[in-house]
Amino acid sequence: MRIHVVDHPLVAHKLTTLRDKRTDSPTFRRLADELVTLLAYEATRDVRTEQVDIETPVTATTGVRLSHPRPMVVPILRAGLGMLDGMVRLLPTAEVGFLGMIRDEETLQASTYATRMPEDLSGRQVYVLDPMLATGGTLVAAIRELISRGADDVTALCLLAAPQGVELMERELAGAPVTVVTSSVDERLNEQGYIVPGLGDAGDRMYGTAG
Ligand SMILES: O=P(O)(O)OC[C@H]1O[C@H](OP(=O)(O)OP(=O)(O)O)[C@H](O)[C@@H]1O
Ligand SMILES: O=c1cc[nH]c(=O)[nH]1
Ligand SMILES: [Mg+2]
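Below or above, wherever it landed, is the structure these notes cover. Bear in mind the structure is a predicted one, so any value in this text is a computation, not a measurement.

Moving on, we come to the site of ligand 1. Among the 15 residues in the neighbourhood of ligand 1, the closest are listed as Arg103, Asp130, Thr135, Gly136 and Thr138. Between ligand 1 and the protein, one listed contact pairs an oxygen atom with a backbone N or O atom of Ala79 at 3.0 Å. Asp130 places a side-chain nitrogen or oxygen 2.6 Å from an oxygen atom of ligand 1. Of all the secondary-structure elements, those providing two or more residues to the shell around ligand 1 are strand S6 (98-103), strand S9 (132-133) and helix H4 (137-148). The element best represented in the shell around ligand 1 is S6, accounting for three residues. Of the residues that constitute the shell around ligand 1, the class distribution is six nonpolar, five polar and four charged.

Bringing the environment of Thr62 into the picture now. With respect to the element layout, Thr62 can be found in strand S3 (residues 60-66). Sequence-wise, Thr62 and Ala110 are 48 residues apart; in three dimensions their C-alpha atoms are separated by 47 Å. Beyond its immediate sequence surroundings of up to four residues, Thr62 is in contact with Gln51, Val52 and Asp53.

The rules behind each value
- By convention here, each chain's residues receive numbers from 1 onward along its written sequence.
- As they are written, the chains are lettered A onward and the ligands numbered 1 onward, keeping that order.
- Since the coordinates come from a predicted model, pLDDT governs what is reported: local features require at least 70, and pairs of side-chain atoms require 80 or more to be given and counted, while whole-chain, interface and lining totals use all residues.
- Side-chain numbers here rest on the full set of heavy atoms in the structure, without hydrogens or water.
- Residues are counted as near a molecule or strand when any one of their heavy atoms sits within 4 Å of it.
- Here a polar contact means two N or O atoms within 3.5 Å. Within protein one must be a hydrogen donor candidate and the other an acceptor candidate, and residues neighboring in sequence count only if both atoms are side-chain atoms.
- Numbered from the N terminus, helices here are DSSP runs of H or I no shorter than four residues, and strands are runs of E no shorter than two.
- Each residue is assigned to one of three groups, with Ala, Val, Leu, Ile, Met, Phe, Trp, Tyr, Cys and Pro labelled nonpolar, Asp, Glu, Lys and Arg labelled charged, and all others, Gly among them, labelled polar.
- Any two residues having at least one pair of non-hydrogen atoms within 4.5 Å are treated as being in contact.

Here you go:
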């Protein structure tokens, strides 16, 4: 597994406002959307392309276009849904699948309550969207599911990560074709499994709910 922490002043600026508890839900959603587009620029650095011949108004030349099969984007509901628009803005032809997952607040164990994506992901590049990589239980289970369906290149975009989550991914997905792109690896998890300093509950802050 590879991890790439995007070091850019615009990323740091937007992340700081996301972390601020005074930031309201509409602003949180807009900033998350903008931040994802910046992360997506780095995350798609290895997106597969093929050569194509075209004619400009001046001459014939060659360029590139995205290869087939098209990349797949999979937001993890609920909070990952707030990252979808920012991602498909850069990859408008991507196919979109969905995984609904929830972490038990007591045991911190992740479970899946909805799956809607192709059975066969053979040869597909997949971009998983989840704002928070905390214990790592959610993302490890999600990526195992994608790999079991044949995905051969998985990139997870996370707004924030905790060292424990990164370690779990490295242990459980050792040798797997997986990359994590994030704007920060924070200090630690607290006793409730929240990232510190973090930004709180991403789903609640995005959708203005509690739980
Ligand atoms: O790394 P982990 O310890 O597994 O935690 C991370 C998960 O927790 C949050 O989801 P949550 O269960 O709160 O669901 P929600 O998106 O519906 O709020 C977050 O969006 C991740 O999916
Ligand atoms: O800090 C955290 C950890 C898990 N899920 C969240 O939404 N926030
Ligand atoms: Mg939540």
